[in-house]
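# Observations on the model geometry
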Amino acid sequence: ALTGHEGWTPAWRDPEPKAQYDIVVIGGGGHGLATAHYLAKVYGQRKVAVIEKGWIGGGNVGRNTTIIRSNYLLDGNEPFYEFSLKLWEGLEQDVNYNAMVSQRGIINLIHSDAQRDAFTRRGNAMILNGADAELLDADQVRKEYPYLNFNDARFPIKGGLAQRRGGTVRHDAVAWGYARSADSHGVDIIQNCEVTGFRIENGKCLGVETSKGFIGAGKVGCAVAGNSGRVMGMAGMRLPIESHVLQAFVSEGLKPLLPGVITFGAGHFYVSQSDKGGLVFGGDLDGYNSYAQRGNLPVVEDVCEGGMALMPMIGRARLLRMWGGIMDMSMDGSPIIDRTPVEGLYFNGGWCYGGFKATPASGYCFAHLLARDEPHPTATAYRFDRFRTGRMIDEKGVGNQPN
Ligand code: FAD
């Protein structure tokens, strides 16, 4: 049957690097490719390259659990993630690519009165920032998810905070859609090309050393997610970021069961169902620093325990696959999109568990910063100096946390 698939036109070119670009973006993940797309399409930049050490989509953008939402509390975060959700809503038209954006809704489950108070506050903050939020009681949740463990002695389900516009997006299609669009606007996407150093003279970045030789650049933007510490270390910078592994899991295909995304509020577990029927779920980080894209068994046990506590019948489903990605965990849980002390070198990272949903806004705001040399209005809080001044945006950003 594969013979019918011969002779396809590649969706993007495979160019050799030019000697000099106006802007070089390091990292062909979701954020790097989105940055290139907006640089070319919105900011009119024509001499742009994305440098990727492996293949595009091989990093976290192709490894995450595909959840998008804008259910944050704090001022620095909520407007940014809502901007991102609005960009998701128009993404497929913008890049002319089917990314299977599915606003199937997300519910953060509530298990105590104190948690209801905290989630009510978060819902109000969302509404004040133009997002949608709906507080559900236990009966409303039961109508949508009747098989959950409502009367568990330790963690009874008392309701939920719903965001109906949240949902899932086919993750690797996001990388491909942005790549094809950026390429069609003249961006060179250079795969299998590792950045091995920066050429910095008199405090100014002149370009990057790579496995394919030196590539000159007027400006360099770094968007390498879990490799942020390693790459920025080559420019002499030590970041307020640690790298950890996060694992994800998918079960065998089941008949349609989960209409949307749910997060357990008494442990770290979240789950949705893919269009092929697999339950896609995950939980907490492996709790040690690592650059390995695979995790360990204690976290598998922990995640599955969360699943069993919330939804006991999950124990009947067989696990099909599991994998890991490297998370760039910032010290306050919020990201950084900023200049660096090196002239011409810019940084985008610290996305922690939640960078997939941020992809469009991250790319848009990073493109704005690179093109105009000033922060985009919705990303002004994402600065390095908050770690020096103590103006943290202290929000872990995971579903089960009240703030
Ligand atoms: P990546 O795709 O990792 O891109 C970075 C790229 O940089 C990589 O392709 C890498 O090869 C490249 N690179 C690194 N070093 C170099 C170098 N020296 N030279 C050239 N290139 C280099 N977020 C959500 O919002 N919702 C979720 O449901 C969700 N679930 C997740 C589940 C898991 C298991 C994981 C691992 C992550 C999850 N995330 C989620 C987080 C999200 O995937 C990441 O925050 C986000 O994808 C990071 O940005 P990126 O796509 O640009 O990263």
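Keep in mind it's a predicted model, so treat the numbers as computed, not measured.

This brings us to helix 2 (residues 78–95). Residues separated by three or four positions in an α-helix point in the same direction, a consequence of the helix having 3.6 residues per turn. Here helix 2 is 18 residues long and its end C-alpha atoms lie 25 Å apart, about the 26 Å a rise of 1.5 Å per residue gives. By the largest-angle criterion, Glu89 marks the main kink of helix 2, which is about 50°. All of the buried residues in helix 2 are Glu78, Phe80, Tyr81, Glu82, Ser84, Leu85, Leu87, Trp88, Leu91 and Val95. Directly after helix 2, the chain includes Asn96, whose backbone phi takes a positive value near 55°.

A few words on the pattern of salt bridges. Under the counting rule described, the total for this entry stands at 21 salt bridges. For Asp94, the salt bridge goes to Lys41, with nearest N and O atoms at 2.7 Å. Of this pair, Asp94 sits in helix 2 while Lys41 sits in helix 1 (residues 30–41), and the two are 53 residues apart along the sequence. For Arg318, the salt bridge goes to Glu252, with nearest N and O atoms at 3.1 Å. Linking Arg318 in the loop between helix 7 (297–310) and strand 16 (319–330) with Glu252 in strand 12 (residues 241–253), this pair joins segments that are 66 residues apart in sequence. Sharing partners across several salt bridges, the network here consists of Glu82, Lys86, Glu89, Asp132 and Arg165.

This paragraph deals with the packing of aromatic side chains. Considering all chains together, one arrives at 14 aromatic pairs under this definition. Ring geometry for Phe155 versus Phe264: centroids 5.8 Å apart, planes at 80°, classification edge-to-face. Taken together, the residues Phe155 in the loop between helix 4 (138–144) and strand 6 (159–163) and Phe264 in the loop between strand 13 (261–263) and strand 14 (270–273) connect sequence positions 109 residues apart. Under the relative-accessibility criterion, Phe264 is labelled buried at 2%. Ring geometry for Phe269 against Phe281: centres 5.6 Å apart, planes inclined by 45°, an arrangement best described as tilted.

Reading the values: rules and limits
Residues numbered from 1 in each chain as written. Predicted model: local features only at pLDDT ≥ 70, side-chain atom pairs only at ≥ 80, totals over all residues. Heavy atoms only, no water. Helix = DSSP H or I, 4+ residues; strand = E, 2+ residues; numbered from the N terminus. Expected span 1.5 Å × (residues − 1). Bend = angle between axes of the 7 residues up to and from the residue. Buried < 20%, exposed > 50% of the residue type's maximum accessible area, 1.4 Å probe, protein only. Salt bridge = Lys/Arg side-chain N within 4 Å of Asp/Glu carboxyl O. Phe/Tyr/Trp six-rings, centres within 6.5 Å; stacked < 30°, edge-to-face > 60°.

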